[in-house]
Amino acid sequence: MDAKNTSKTDFACVSPITSADFKIIQALPEPDVYIHTSAGARIPAHASILASVSPVLENIIDRPRKHRSSERIIQIHGVPCHAVAAFLGFLYFSRCTEEQLEKYGMHLLALSHVYLVPQLKQRCIKGLRERLTVENVVDVLQLARLCDAPDLYIKCMKLLTNNFKSVEKTEGWKFLQRHDPWLELDILRFMDEDELRKKKSRKHRKEQSLYLELSEAMECLEHICTEGCTDVGPYDIELNKERRPCTKFATCQGLQILIRHFATCNKRIGGGCLRCKRMWQLFRLHSSICQHSDTCKVPLCRQIQMKIQQDKKKDDPRWKLLARKVAAARAVSSLSLSKRKRDEEISLNMNKHGIRSFNLR
Ligand SMILES: [Zn+2]
Ligand SMILES: [Zn+2]
Ligand SMILES: [Zn+2]
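It should be emphasised that the depicted structure is a prediction, and the values quoted were computed from it without experimental measurement.

Right, let's talk about helix α5 (residues 98-114) for a bit. Maximal helix bending in α5 amounts to about 85 degrees, located at Tyr104. Buried within α5 are the following residues: Gln100, Leu101, Tyr104, Gly105, Met106, His107, Leu108, Leu109, Ala110, Leu111 and Ser112. Lining the buried residues of α5 we find α4 (81-93), α6 (118-130) and α7 (137-146). Just downstream of α5 lies Leu116, where phi reads positive at about 55 degrees.

Burial along strand β1 (residues 33-37) is one-sided: Val33, Ile35 and Thr37 are buried, and none of Tyr34 and His36, which face the opposite way, are. As paired elements, β1 and strand β2 (residues 42-45) share four bridges and run antiparallel to each other. The residue bridging His36 from the neighbouring strand is Arg42, located in β2. The antiparallel pairing of β1 with β2 creates a hairpin that spans four residues between the two strands, and Gly40 there sits at a positive phi of about 90 degrees.

This part takes up the nonpolar core. In this structure, Val84, Phe87, Leu88, Leu108, Val140, Leu141 and Cys156 are the most contacted members of the largest nonpolar core, which totals 47 residues. Elements supplying a minimum of two residues to this core: β1, β2, α4, α5, α6, α7 and α8 (150-162). If you tally residues by element for this core, the top one is α4, at 10 residues. Setting aside its immediate chain neighbours within four residues, Val84 contacts Ile35, Thr37, Ile43, Ile76 and Val79.

Here Cys96 lies in the loop between α4 and α5. A residue is classified by how many C-beta atoms lie within 10 Å of it, and Cys96, with 22 of them, is buried. Distance in space between the C-alpha atoms of Cys96 and Ala86 is 6.7 Å, their sequence separation being 10 residues. The residues contacting Cys96, other than those within four sequence positions of it, are Ala86, Gly89, Phe90, Leu101, Leu108 and Arg123.

Once that is clear, we can look at α7. Here α7 has its buried residues at Val137, Val138, Val140, Leu141, Leu143 and Ala144. Lining the buried residues of α7 we find α5, α6, α8, α9 (164-167) and α10 (171-179). Among the residues trailing α7, Asp148 stands out with phi positive, at a value near 55 degrees.

Not every positive phi belongs to a glycine, and Leu116 is a case in point at roughly 55 degrees. Inspection of the secondary structure puts Leu116 in the loop between α5 and α6. Positive phi, close to 70 degrees, is recorded for Leu300, a residue that is not glycine. When you line up the elements, Leu300 lands in the loop between α13 (274-289) and α14 (301-311).

Taken in spatial order, the three strands line up as β2-β1-β3 in an open sheet, and their pairing is mixed. Edge positions in the sheet fall to β2 and β3 (72-76), since each of these pairs with one other strand and no more. This sheet shows a mean twist of 30 degrees between the axes of neighbouring strands, independent of strand direction.

Here we take up the packing of helix α12 (residues 249-264) against α13. As a packed pair, α12 and α13 sit with axes 9 Å apart at the nearest point and diverge in direction by 110 degrees. Accordingly, the angle class assigned to the pair α12 and α13 is roughly perpendicular. Crossing hand, α12 versus α13: left-handed. Mapping the contact onto sequence places Leu258, Ile259, His261 and Phe262 in α12 and Arg275, Cys276, Arg278 and Met279 in α13.

Another aspect to go through is the environment of Tyr115. Counting through the fold element by element, Tyr115 comes out in the loop between α5 and α6. By the C-beta count within 10 Å, which is 21 here, Tyr115 ends up buried. In this structure, the C-alpha to C-alpha distance between Tyr115 and Leu57, residues 58 residues apart in sequence, is 6.5 Å. Discounting chain neighbours no more than four positions away, the residues touching Tyr115 are Ser54, Val56 and Leu57.

Attention now moves to the environment of Leu285. Relative to the assigned elements, Leu285 resides in helix α13. Taking the C-beta count within 10 Å as the criterion, Leu285 has 24 such neighbours and is therefore assigned buried. The spatial distance from the C-alpha of Leu285 to the C-alpha of Leu322 is 7.8 Å, given a sequence separation of 37 residues. Every residue in contact with Leu285, bar those within four places of it in the chain, is listed here: Leu214, Met218, Leu322, Ala323 and Val326.

What counts and how
- Residues numbered from 1 in each chain as written.
- Chains lettered and ligands numbered in written order.
- Predicted model: local features only at pLDDT ≥ 70, side-chain atom pairs only at ≥ 80, totals over all residues.
- Bend = angle between axes of the 7 residues up to and from the residue.
- Helix = DSSP H or I, 4+ residues; strand = E, 2+ residues; numbered from the N terminus.
- Buried ≥ 20, exposed ≤ 12 C-beta atoms within 10 Å, placed from the backbone.
- Contact = placed C-beta atoms within 7 Å.
- Pairing = 2+ DSSP bridges.
- Core = buried A, V, L, I, M, F, W, Y, C linked by C-beta atoms within 7 Å.
- Axes fitted to C-alpha atoms, helices over the stretch in contact; angles between N-to-C directions.
- Parallel < 35°, antiparallel > 145°, perpendicular 65-115°, else oblique.
- Left-handed = near helix turned anticlockwise from the far one by under 90°.

That is the geometry; function is a separate question.
This is how it looks when you write it as C-alpha cells:
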C-alpha cells in the first residue's frame, strides 16, 4: 500500500468497497484523524465513525492533544497494513469479506479484541473456526487464549488432541514448546482429560446397552407369563402353535429357553447352576419393579416381595437402584445393567411352587 495516502477518496484503495459505500465516503466531511501503521502507511479516517464503533478508539480520540492545531493520529502497529485497512472497512461498513478473513482473520481477531468491536470478533471467531487446520491450530490456540475466545480455544484443543501426531511436527508446536511451557502443559492436561472422557463414555454406552437388554428381558418375562409366546406361557393358556414370534423374538426366545431350563434343572437347588442363577436374578429384578404383585402372573413375584419385606435385606437398595435404571431404560429404551450386578448371586431361597405355573410346550 502507498505509504502516503491522505485524501479521503484514497480510503477506497485500502478496503474493497461498493459504489454505495463510495457515495457514503464522498458525502463524509474531510478526514480528521489519521491511522499510522507499522509499515508507515497513513490512512485518513473520521473520528466520529471510529468513536461510534470502538469505545477504545473513542478514548484515544478524546485524549487531549498537545497542540490544538496538531493532527489527530492513532498508531495501529504490529499487524499488516491491509489488516488495518480491513479493520477500518469493518468500522465503516460493518462487514469484511471472506478473502479478508482468509488472509487476515487472526490479525482482525486481535484488533477486534483490543479495540472492543464484538461483532467483528464474533465474525473472526467463526471464520477461524471454519479455517482451522493442523498447520495453524497452535497459532490460533494461542491467539484464542490471549483474546479470550473460549469456544475457539476448545475447538483448537479438540482438533489438536485428535491430530496430535501431525500437530507435533509443525513449526507452531515446536515454537510453543520452546516459548510457552504453560500452554503446553494445558494442552497435555486437556488431552489426558479427553482420553478419560472418552473412556467414561465408552463405559457408559456399554452399560446403556446392558440395561436395555435387561429392560427388554423384563418386558418379555411379563409378556411370556401373562399371554404366553411361542414355546412357553401360563399354565392356563393353550399355546397357539401357529402364533408368530413376538417383536422381541431374540430376547423372548432366549428367555423361554432359560425358563424351560429353570423349570427342569436338577442342579439349581444347591445353587450350583449359573443359568438358574441368571433366571433368579431376572425374577428378583422383576419383583423390584413390579407394582401389581397381588395379581402378577410372573412366578415368585409375590413371594420375593414378601421375603424382602420380612428380611429387610441389606442388598435391597442396590436392587431398587437397579430397578430404577432398568425402568428408565424401558422409558427411553437406552439404558443398561452393569455386568457386576448381573453376575451377583441372589441368596433367596427358591420357592418350588412358583415355577409350576408354566405351560412348557
Ligand atoms: Zn415373545
Ligand atoms: Zn439350572
Ligand atoms: Zn410381578
